[in-house]
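Now for the letters of each chain:
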Amino acid sequence: MTAVPAQSSIANSATVSILAYCSSSILMTVTNKVVLSQFDFNMNFFLLAVQAMAAVVMLWMFKKLDLITYRKLDTDEAKKWFPISLGLVAMIYTGSKSLQFLSIPVYTIFKNLTIILIAYGEVLWFGSKVTPLMLLSFAFMVLSSVVAGWSDIHSSALNGPTELMQFNPGYGWMALNCLSSAGYVLYLRKRIKHFNFKDFDTVYYNNLLSLPVMLLLSLCLEGWTSGEFERTFSPDVRSALTVAILMSGVSSFLISYGSAWCVRCTSSTTYSMVGALNKLPVAASGILFLGDPATFGNVVGILFGFVAGLIYSYSKTDQAQRNFALANESPLSTKPGATDTITGATEVIELNTPANMPTKTAVLPLYKTNPDGKVAD
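Here the residue index of a chain counts from 1 through its sequence in written order. Note on the predicted model: pLDDT of at least 70 is required for a residue's local features to be given, and 80 or more for side-chain atom pairs to be given and counted; whole-chain, interface and lining totals, by contrast, use all residues. Note: side-chain values were computed over all heavy atoms of the structure, leaving out hydrogens and water.

Student: Looking at this structure, how should I read the overall build of the protein chain?
Tutor: The helix and strand labels rest on DSSP assignments: H or I over at least four residues marks a helix, E over at least two residues marks a strand, and numbering proceeds from the N terminus. Each helix and strand in the protein chain was counted, giving 14 helices and two strands. Per-residue burial for the protein chain yields a buried fraction of 45% across its 377 residues. Only heavy atoms matter for contacts: two residues are in contact if any of them lie within 4.5 Å across the pair. Pairs at least 24 residues apart make up 83% of the contacts formed inside the protein chain by residues separated by at least 6 positions. With the model as given, the accessible surface of the protein chain reaches about 19600 Å², and the carbon-plus-sulfur share is 67%. The buried label applies to any residue whose accessible area, calculated with a 1.4 Å probe on protein chains only, is under 20% of its type's maximum; exposed applies above 50%, and partly exposed to all values in between. Every accessible area reported is derived by Shrake-Rupley at a probe size of 1.4 Å, with residue values counting cover from the shown protein chains alone.

Student: Explain the pattern of salt bridges here, please?
Tutor: Pairing between side chains of opposite charge can happen when their charged atoms approach one another. Salt bridges are counted wherever a side-chain nitrogen of Lys or Arg sits within 4 Å of a carboxyl oxygen of Asp or Glu. Under the counting rule described, the total for this entry stands at four salt bridges. Arg71 is paired through a salt bridge with Glu77; the nearest N and O atoms lie 2.5 Å apart. Where Asp201 meets Arg71, a salt bridge forms, and the shortest distance between an N and an O atom there is 3.3 Å. Taken as a pair, Asp201 in helix 10 (residues 199-221) and Arg71 in the loop between helix 3 (44-64) and helix 4 (75-101) lie far apart in primary sequence, 130 residues in all. Arg71 gets classed as partly exposed once you look at its relative accessible area, which sits at 22%. One salt-bridge network, in which partners are shared between bridges, spans Arg71, Glu77 and Asp201.

Student: Honestly, helix 2 (residues 14-38) in this entry has me stumped. Any pointers?
Tutor: How far a helix is expected to stretch is found by multiplying one less than its residue total by 1.5 Å. In this model helix 2 runs 36 Å from its N-terminal to its C-terminal C-alpha over 25 residues, within 8% of the 36 Å that 1.5 Å per residue would give. Note on helix 2: the residue one or two positions beyond its end, Asp40, has a positive phi of about 50°.

Student: I'm lost on a nonpolar patch on the surface in this one. Help?
Tutor: Only residues whose relative accessible area exceeds 30% and that take part in no salt bridge are eligible for patches, with like-charged residues grouped when within 9 Å of each other and nonpolar side chains (Val, Leu, Ile, Met, Phe, Trp, Tyr) grouped when within 5 Å. Where nonpolar side chains cluster on the molecular surface, the patch consists of Leu27, Val243, Met247, Val250 and Leu254 and spans about 380 Å² of accessible area. Considering each element in turn, the nonpolar patch owes the most residues, four residues, to helix 12 (residues 238-265). Within the element layout of this structure, Val250 appears in helix 12. Assessed through its relative accessible area of 36%, Val250 is described here as partly exposed.

Student: Explain the nonpolar core to me, please; I cannot follow it from the model alone.
Tutor: One finds Leu59, Trp81, Tyr184, Phe200, Tyr205 and Phe253 to be the most contacted residues of the largest nonpolar core, which totals 37 residues. Elements that contribute at least two residues to this core include exactly helix 2, helix 3, helix 4, helix 9 (168-192), helix 10, helix 12 and helix 13 (268-289). In terms of residues, this core owes the most to one element, helix 12, which gives seven residues. Only buried Ala, Val, Leu, Ile, Met, Phe, Trp, Tyr and Cys residues count toward a nonpolar core, and they belong to the same one when joined by side-chain atoms within 4.5 Å. Membership of the second largest hydrophobic core comes to 12 residues, among which are Leu36, Phe39, Phe46 and Ala244.

Printed below as a string of structure tokens:
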């Protein structure tokens, strides 16, 4: 038997892709929160355009150093990929606006609603099933966010109705973000199988195609002719703000790659659930770097979140075992010595494929050759 190369194994590893997505997501959330909240920054499209430009430049530099490779821009591919890039613009803009108005705990409460939207979207589009255990895990995840954010909402209510009402713009942007995020993730999963894109191809096309859109929207909507740029980059904050924006640009490159990698190696529901669990270390980062209080509600919310993750992992594993057993009509047997990529257990389920059924590869290869060089319709 031919051994699987270590590089290929890592590239197709669900565990490694999840860790990469989590780390980049933490960096992205914290840097964006700093820029949008601590500098009175209102040019969100401009910030997102800088992030997209930084990603394109970093891709070009890494390619020149022979560290990565990605395909050249193709007009036909760009036309077919452009709706996906528009979905990305809608998702990241509404996310930045909601994060601008809401604290991270409150932002987490409503962001987790995306999980339910995606789960039932997969039911409609891909024929997936939502088991009772999955519903229980979703309930625990939402509950963890509610508990963690309750102290923030309660303190705002104590300050009077005026203080509480200022969150209303964030609520509206958060609702739009949940809808646009679910639509983007589901549509990306549906269409990405037709493109044979490598991970860096996805990052390159997403950022290159969304860059002119965000620049145009910034010039038209963000008050460039009325002095908004000069007010935002005033001399007293110019240096610190520039550094923060550049850091957000680097993090945007990492989150773009991490997101595409995680969706390809797992599923869109797993991707969204990992994102929800990832809000827990994000909250800890807010306590460490942004001065958020370490309240009892935050600690209890973290515990509920980990319970939700355990229930979800068990429900997905149990569902996969039952589906494979039913398809193969063979008993399940355990093979010691292997490591499960999701749970980390030292035993995995081995399923014997009948002789009259073709063997199906468990993971997608990182690099797939497209014979005619065209994109499938």
